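# Structure assessment
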Amino acid sequence: MLNLILFGPPGAGKGTQSENIIAKYKLIHLSTGDLLRSEIQAGSELGLKAKTLMDQGILVPDEVVIGMIDNKLKEHRNAAGFIFDGFPRTVKQSEALDQLLASYNESISVMIALVVDDNELLARLLNRGKTSGRPDDQNEELISKRIQEYNSKTKPVADYYQEQGKFVAIDGIGEIDFIFEEINKAISKVTVK
Ligand code: ADP
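If you look the chain up in an unreviewed UniProt entry, it shows as Adenylate kinase from Dyadobacter psychrophilus. Taken directly from UniProt, the Catalytic activity (unreviewed entry) text for the chain runs: "AMP + ATP = 2 ADP". Taken from UniProt, the Subcellular location (unreviewed entry) comment for the chain reads in full: "Cytoplasm".

What follows is the structure in structure tokens.
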């Protein structure tokens, strides 16, 4: 299996590049943000709880997202691989993901990080907010809070995979196709079991 983590702050372009990667490599896309928004839409208890936190730009509890990922891995036993988008977002989530994959005799192949500076992120998210309908894209304070959450809780996840020799950083500013080419180069260096 080819198991990729697409990593980067809110607005780095993970959603856009995920679409390119899925089309080419036929991976199952697991975006915890999308999964949580589906729960909210469905009006589930989990969704109601998550919404309060998401509307403040705060991460939802690790157990919640780990449980969702566990369910999805079970659903797609025969997949060619997975692309994890917006997950893991804390070191605890990384450890849980490694354990879950190990239980299937699988592991993360590579983490690809899209690097974009904070000013560009803010501009992109405010722009996305005009059309996305996402409440968390609507105001500057909330966006800053999400970037802060990223810097304090999520950045250490990069070190976690760096220590395993699985981390590749790619400049996330530039042409979408060019960035995708760089991603392809990183994937071509991965050995898949
Ligand atoms: P973005 O990366 O653009 O901020 P996402 O759609 O990935 O957006 O996530 C939106 C919100 O959902 C986050 O701000 C957070 O509250 C919650 N969320 C998504 N994924 C996770 C996760 N792995 N752990 C905790 N909270 C999460």
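That covers the picture; the talk isn't over yet.
Ranked by size, the top nonpolar core spans 30 residues in total, and within it I5, F7, I69, L73, F84, L97 and Y161 carry the most contacts. At the level of secondary structure, the elements contributing two or more residues to this core comprise β1 (2-7), α2 (32-42), α3 (45-54), α4 (62-75), β3 (81-85), α5 (91-103), β4 (110-115) and α7 (140-163). With residues up to four places along the chain from it excluded, the contact list for F7 reads K14, P88, M111, I112, A113, L114, Y150, T154, K155, V157 and A158.

Within the fold, D98 resides in helix α5. Here D98 occupies a buried position and makes no salt bridge, while the nearest side chain of opposite charge, K166, is found at 5.7 Å. D98 has contacts with I108, Y160, Y161 and Q164, leaving out every residue within four places of it along the chain.

As enumerated under the stated definition, the model contains 4 aromatic pairs in all. With a centroid separation of 4.9 Å and 75° between ring planes, the pair formed by Y160 and Y161 is classed as edge-to-face. Y161 matches Y160 in its accessibility class, with the two residues each being buried. Aromatic ring contacts, followed pair by pair, group F82, F84 and F87 into a single cluster.

All right, on to the sheet that holds strand β2 (residues 28-31) then. Strand order in the open sheet formed by 5 strands is β2-β3-β1-β4-β5, and the pairing between neighbours is parallel. Since the sheet does not close on itself, it has two edges, and those belong to β2 and β5 (167-171), each with one partner. Strand after strand, the sheet turns through a mean of 20° between neighbouring axes, direction not considered. Note that β1 and β3 share 5 bridges and pair parallel. When the sheet's bridge partners are listed, N3 is paired in β3 with F82. Taken strand by strand, helix α1 (residues 14-25) contacts β1, β2, β3 and β4, and its axis lies near 165° from that of β1. Strands in contact with α7 are β1, β4 and β5; relative to β1, the strand with the most contacts, it is inclined by about 145°.

Cut-offs applied
Residues numbered from 1 in each chain as written. Predicted model: local features only at pLDDT ≥ 70, side-chain atom pairs only at ≥ 80, totals over all residues. Heavy atoms only, no water. UniProt positions renumbered as here; feature names shortened; annotations may be inferred. Core = buried A, V, L, I, M, F, W, Y, C linked by side-chain atoms within 4.5 Å. Buried < 20%, exposed > 50% of the residue type's maximum accessible area, 1.4 Å probe, protein only. Helix = DSSP H or I, 4+ residues; strand = E, 2+ residues; numbered from the N terminus. Contact = heavy atoms within 4.5 Å. Lys, Arg positive; Asp, Glu negative; His and termini not counted. Salt bridge = Lys/Arg side-chain N within 4 Å of Asp/Glu carboxyl O. Phe/Tyr/Trp six-rings, centres within 6.5 Å; stacked < 30°, edge-to-face > 60°. Pairing = 2+ DSSP bridges. Axes fitted to C-alpha atoms, helices over the stretch in contact; angles between N-to-C directions.

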